[in-house]
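Spelled out, the chains give:
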Amino acid sequence: MKTISETIIKLENLSKHFGNLKAVDNINLEVKQGETIGLVGPNGAGKTTTIKMISNILNPTSGKIYIRNKKGVLQNLVENPRNLVPRGFLIDIPSFYEMTPAQLLTYFAKLQNFPNDQIKDRMDRLLKLFNLYEWKYENVEDFSKGMKQKLGIIQAIIHDPDFIILDEPQTGLDPKARIEVRRFIRGLQKQGKTIFVASHLLHEISEICDKIALISYGKIIAFDTIEKLEVKLRTNELLFQTLQEITPDKLGPIIEKLTSKLEPYLDKDLDPKISRIPVYYDSKDKEFVIYYDGKRESRADILKILMNEFPEFDLISFSQPRTSQLERIYEQMIGDQGQKEMNERRMK
Ligand SMILES: Nc1ncnc2c1ncn2[C@@H]1O[C@H](COP(=O)(O)OP(=O)(O)OP(=O)(O)O)[C@@H](O)[C@H]1O
Ligand SMILES: [Mg+2]
């Protein structure tokens, strides 16, 4: 007898290539019943492509997608897409035909075999929840982007699916609506639903997700709880600011001098995903960043060196980072990718 799987979906060495581009590159991921997983990465990282494969809109180039079927057994989606657990999808910005929400939602609910006698109640409740009830009989084509997005979310869950897949649910929403959507997702979690949500906004979804999969250039570079990711990605970082303004022309020699004077204390195996150099100047925040070996004594020595060997500086702060490490690394990841793309474009 096959045992009932706790896993709702399992991606095994999944890839999607478009010509030479590896949009999704050999990813492995498993989502268990009741979990909320965030797929987070910058624009073009491969989130929508992954979600389209999970939705069976796109065929993988290689690898497998297993989804739990109604008997509780994992089943290969491409080989047999029938009798899987009920799923609901929001993919990209939804585009609707010339219809009213009432027509559209009834159509989707029937398509998904939701009991006829329950459609109206459920539709009205969801429309009210998202402040769209007054628009029930209006033409969707006249809706704003945010209204269409909210309707897209309602459409994804109109048939009360167990497994909900949302691609950038916050797109086009104002801050109030984003909060509404987060609250709504928490409600779904309480009902035991399994949720897979893609976003390029880490902070928007990190607090609602049990685990985050960071995706960059089609590869999953980390998959864990926020707490564990923070620990895993922790670097020993020191920040300091000077009273004197650091102009670009002065920067080279300063970085060189800092790197040489602080050499014994710097992080010897710094993860290049975090930074390629152990000392740099963050011109946005107007502060120097040092990746050091993390020892308390080193910290004391570094401060002494800065005071004694750099008379040209008056220090106005010397501290460890304030913001979440994960957020900073993610920003850097986006920055790196943006920079690389810009360089590539320049080369053309
Ligand atoms: N049908 C397609 N044909 C060719 N290339 C494609 C196709 N769809 C996506 N791509 C490319 O694959 C890569 C991944 O795209 P994808 O839409 O999955 O990214 P994303 O992570 O969803 O980004 P965003 O945050 O902008 O939504 C991009 O470089 C994109 O240009
Ligand atoms: Mg996308």
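First, a word on what this report is: a plain description of the structure on this page. (Residues numbered from 1 in each chain as written. Chains lettered and ligands numbered in written order. Predicted model: local features only at pLDDT ≥ 70, side-chain atom pairs only at ≥ 80, totals over all residues.)

**A short note on the overall build of the protein**
Thought 1: Per the secondary structure count, the protein includes 10 helices and 14 strands.
Thought 2: At a minimum sequence separation of 6, the contacts of the protein that also span at least 24 residues come to 70%. (Helix = DSSP H or I, 4+ residues; strand = E, 2+ residues; numbered from the N terminus. Contact = placed C-beta atoms within 7 Å.)

**Considerations on helix H1 (residues 47–54)**
Thought 1: A large share of H1 lies buried, amounting to 7 of its 8 residues.
Thought 2: Taken residue by residue, H1 has Lys47, Thr48, Thr49, Thr50, Ile51, Met53 and Ile54 as its buried positions.
Thought 3: The positive-phi residue at the C-terminal boundary of H1 is Asn56, with phi of around 65 degrees. (Buried ≥ 20, exposed ≤ 12 C-beta atoms within 10 Å, placed from the backbone.)

**Topic: the packing of helix H2 (residues 101–111) against helix H3 (residues 116–129)**
Thought 1: For the pair H2 and H3, interaxial distance at closest approach is 10 Å and the crossing angle is 125 degrees. Our classification of the angle between H2 and H3 gives oblique. In terms of crossing hand, the pair formed by H2 and H3 is right-handed. For the pair formed by H2 and H3, the contact residues are Pro101, Ala102, Leu105, Thr106 and Ala109 on the first element and Ile119, Met123 and Leu127 on the second. (Axes fitted to C-alpha atoms, helices over the stretch in contact; angles between N-to-C directions. Parallel < 35°, antiparallel > 145°, perpendicular 65-115°, else oblique. Left-handed = near helix turned anticlockwise from the far one by under 90°.)

**Some remarks on the sheet that holds strand S1 (residues 7–18)**
Thought 1: Read across the open sheet, the 4 strands follow the order S2-S1-S4-S5; overall the sheet is antiparallel. If you trace the sheet from one side to the other, it starts and ends with strand S2 (21–32) and strand S5 (74–76), each paired once. If you compare each strand with its neighbour and ignore which way they point, the axes differ by 25 degrees on average. (Pairing = 2+ DSSP bridges.)

**Here's the deal with the pairing of strand S9 (residues 211–216)**
Thought 1: For S9, a buried count of 5 out of 6 residues is recorded, marking the element as mostly surrounded by other parts of the structure.
Thought 2: The sheet contact formed by strand S3 (residues 36–40) and S9 spans 4 bridges and is parallel. Pairing of Gly38 across the sheet is with Ile212, part of S9.
Thought 3: Both S9 and strand S10 (residues 219–224) contribute to a ladder of 5 bridges, which runs antiparallel. Bridge pairing in S10 links Ile212 to Asp224.
Thought 4: Turn length for the S9-S10 hairpin, with the two strands adjacent in sequence and antiparallel, is 2 residues, and the turn residue Tyr217 shows positive phi of about 50 degrees.

**Some points on the site of ligand 1**
Thought 1: Taken together, Phe18, Leu21, Ala23, Gly41, Asn43, Gly44, Ala45, Gly46, Lys47, Thr48, Thr49 and His200 make up the full set of residues near ligand 1.
Thought 2: Counting only elements with at least two residues in the shell around ligand 1, the list comes to S2 and H1.
Thought 3: Among the elements that line the shell around ligand 1, the one with the most residues is H1, at 3 residues.
Thought 4: Taken together, the residues of the shell around ligand 1 break down into 4 nonpolar, 7 polar and 1 charged. (Near = placed C-beta within 6 Å. Nonpolar A, V, L, I, M, F, W, Y, C, P; charged D, E, K, R; others polar.)

**Digging into the sheet that holds strand S13 (residues 287–291)**
Thought 1: The strand order across the open sheet formed by 4 strands is S12-S13-S11-S14, and the pairing between neighbours is antiparallel. In this open sheet, the two strands that pair with only one neighbour each are strand S12 (279–282) and strand S14 (315–319). Pairs of neighbouring strands in the sheet enclose a mean axial angle of 20 degrees, with direction left out of account.
Thought 2: Pairing of S12 with S13, which is carried by 4 bridges, proceeds in the antiparallel orientation. Considered in S13, the bridge of Val279 is made with Ile290.

**Focus on the nonpolar core**
Thought 1: Counting 57 residues, the largest nonpolar core has Ile65, Ile154, Ile165 and Ala213 as its most contacted members.
Thought 2: Beyond its immediate sequence surroundings of up to four residues, Ile65 is in contact with Leu11, Leu14, Met53, Ile54, Pro60, Leu77 and Val78.
Thought 3: Leu238, Tyr265, Val279 and Tyr292 belong to the second largest nonpolar core, which has 11 residues in total. (Core = buried A, V, L, I, M, F, W, Y, C linked by C-beta atoms within 7 Å.)

**Remarks on the environment of Ile54**
Thought 1: Among the structural elements, Ile54 can be located in helix H1.
Thought 2: On a C-alpha basis, the gap between Ile54 and Ile165 in space is 8.8 Å, while along the polypeptide they are 111 residues apart.
Thought 3: Those residues in contact with Ile54 that sit more than four places away from it in its chain are Ile9, Ile65 and Ile165.

Interpretation in functional terms is not warranted from these geometric data alone.
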